[in-house]
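# A look at the structure
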Amino acid sequence: QKEVEQNSGPLSVPEGAIASLNCTYSDRGSQSFFWYRQYSGKSPELIMSIYSNGDKEDGRFTAQLNKASQYVSLLIRDSQPSDSATYLCAVRVYYGNNRLAFGKGNQVVVIP
Amino acid sequence: DVKVTQSSRYLVKRTGEKVFLECVQDMDHENMFWYRQDPGLGLRLIYFSYDVKMKEKGDIPEGYSVSREKKERFSLILESASTNQTSMYLCASSLKASGGENIQYFGAGTRLSVL
């Protein structure tokens, strides 16, 4: 089983709609979870971090964590064309001396 | 703001050349990382370092080595470049904190082409 899985294919959403991204992880001991945004040809930039079960909101972004079910999700409300990017889920590996395990990413395309 | 600087944005090398990729961070971070990113394969960890002169292998260390002589600088070395090492290389750094504050910050990346 892969450490972090993001299974959805490219996601197309109309401008103003909600984009929903999901991520599952295998290491039950993981405590820290991150969402990075990566524009084409650019490096990843952190948009959300979450450490406790429940929801965490930051502007139009909401991260949701459920440790019992081992998934973390990202909601983007009022999607804008500038949100068109690849979103990477990352999980701190419990045994790994602060290394992160990354999912392969989900591409989001916001259609004006 | 955290700044992670990679010495080159684009690099073209020939097969068999020795290649050095340099990364410098200015936030006194203990941890530094080298990844490569390829379409369909995502980010893969090559090596990381959690202290000066310390290094650990990541998921794909074959064909690479690293050097960390100073805290702020982490170098990736391709001893004999091959075409399958053509990729985007990303450097990152983070604090050594055991809690949640170990966010990794990335450099702009180096797109390496080996001909």
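The text that follows walks through the structure, step by step, so that each part is easy to find. (Residues numbered from 1 in each chain as written. Chains lettered and ligands numbered in written order. Predicted model: local features only at pLDDT ≥ 70, side-chain atom pairs only at ≥ 80, totals over all residues. Heavy atoms only, no water.)

## Quick look at the state of the cysteines
Residues and elements named next belong to chain B. Here is the rule we go by: Cysteine sulfur atoms are paired as a disulfide whenever they fall within 2.5 Å. The helix count covers DSSP runs of H or I at least four residues long, the strand count covers runs of E at least two residues long, and both are numbered beginning at the N terminus. Classification of residues uses two cut-offs on accessible area relative to the type maximum, computed with a 1.4 Å probe and protein chains only: under 20% is buried, over 50% is exposed, and between them is partly exposed.
Counted according to the given criterion, the structure contains two disulfides over all chains. Through a disulfide, C23 is tied to C91; the S-S separation comes to 1.9 Å. Looking along the S-S bond of the C23-C91 disulfide, the torsion reads about -75 degrees, which is the left-handed sense. Taken as a pair, C23 in strand β3 (residues 19–25) and C91 in strand β9 (residues 87–94) lie far apart in primary sequence, 68 residues in all. Exposure class is identical for C23 and C91. Each is buried.

## With respect to the interface of chain A and chain B
Quick note on the threshold: We call two residues contacting when some pair of their heavy atoms lies within 4.5 Å. The buried area of a pairing is the accessible area, by a 1.4 Å probe, that goes missing from both parts when the two are put together, added over both. In the sections that follow, a salt bridge refers to a side-chain nitrogen of Lys or Arg positioned within 4 Å of a carboxyl oxygen of Asp or Glu.
Taken residue by residue, the interface counts 18 residues in chain A and 29 residues in chain B. Here chain A packs against chain B, burying approximately 1,800 Å² in sum over the two surfaces, 50% of which is carbon and sulfur. Between the two partners, chain A and chain B, sit one salt bridge. For D59(B), the salt bridge is made with R99(A), and the minimal N-O distance between the two is 3.2 Å.

## Here we look at the nonpolar core
How we decide: In this description, a nonpolar core means a group of buried Ala, Val, Leu, Ile, Met, Phe, Trp, Tyr and Cys residues linked to one another through side-chain atoms lying within 4.5 Å.
Of all hydrophobic cores here, the largest spans 25 residues; its most connected members are W35(A), V72(A), L74(A) and Y87(A). Elements with a minimum of two residues in this core: β3 (19–25), β4 (33–38), β5 (45–50), β7 (61–66), β8 (71–76), β9 (85–92) and β11 (106–111) of chain A. Once residues within four sequence positions are removed from consideration, L74(A) is found in contact with A19(A), S20(A), L21(A), W35(A), I47(A), M48(A), F61(A), T62(A) and Y87(A). By size, the runner-up hydrophobic cluster in this structure holds 20 residues, among which are L11(B), V66(B), A81(B) and C91(B).

## Some thoughts on the packing of aromatic side chains
The condition is simple: The rule is short: rings of Phe, Tyr and Trp, with Trp giving its six-membered ring, pair when the centres are within 6.5 Å, and they are stacked under 30 degrees, edge-to-face over 60, tilted in between.
Taken as a whole and judged by the stated rule, the model has 10 aromatic pairs over all chains. Residues Y36(A) and F106(B) carry aromatic rings whose centres are separated by 5.6 Å and whose planes lie at 90 degrees to one another, so their mutual orientation is edge-to-face. Of the two residues, Y36(A) is situated in strand β4 and F106(B) in strand β10 (residues 105–106); the pairing between them involves two chains. Comparing Y36(A) with F106(B) shows no difference in burial state: the two are buried.

## Thoughts on the sheet that holds strand β7 (residues 64–70) of chain B
Residues and elements named next belong to chain B. To keep it simple, the criterion reads: Whether two strands pair comes down to DSSP finding at least two bridges between them. For helices, the axis comes from a line fit to the C-alpha atoms of the stretch in contact; other axes are also lines fit to C-alpha atoms, and the angle between any two N-to-C directions lies between 0 and 180 degrees.
Strand order in the open sheet formed by four strands is β1-β3-β8-β7, and the pairing between neighbours is antiparallel. Each of the sheet's edge strands pairs with one partner strand only, and the pair in question is β1 (4–6) and β7. Each adjacent strand pair in this sheet contributes to an overall mean axis angle of 20 degrees, direction not counted. Here β3 runs beside strand β8 (residues 73–78); their pairing, made up of six bridges, is antiparallel. Each residue of the ladder has a partner; that of F20, found in β8, is I77.

## Focus on unusual backbone geometry
What is expected of a backbone is that most residues other than glycine have negative phi and most peptide bonds are trans. Located in the positive-phi region is Q70(A), a residue other than glycine, with phi close to 60 degrees. The exposure class of Q70(A) is buried, given its relative accessible area of 12%. Non-glycine residue K53(B) carries a positive phi angle of around 65 degrees. Classification of K53(B) by relative accessible area gives exposed; the value is 57%.

Interpretation in functional terms is not warranted from these geometric data alone.
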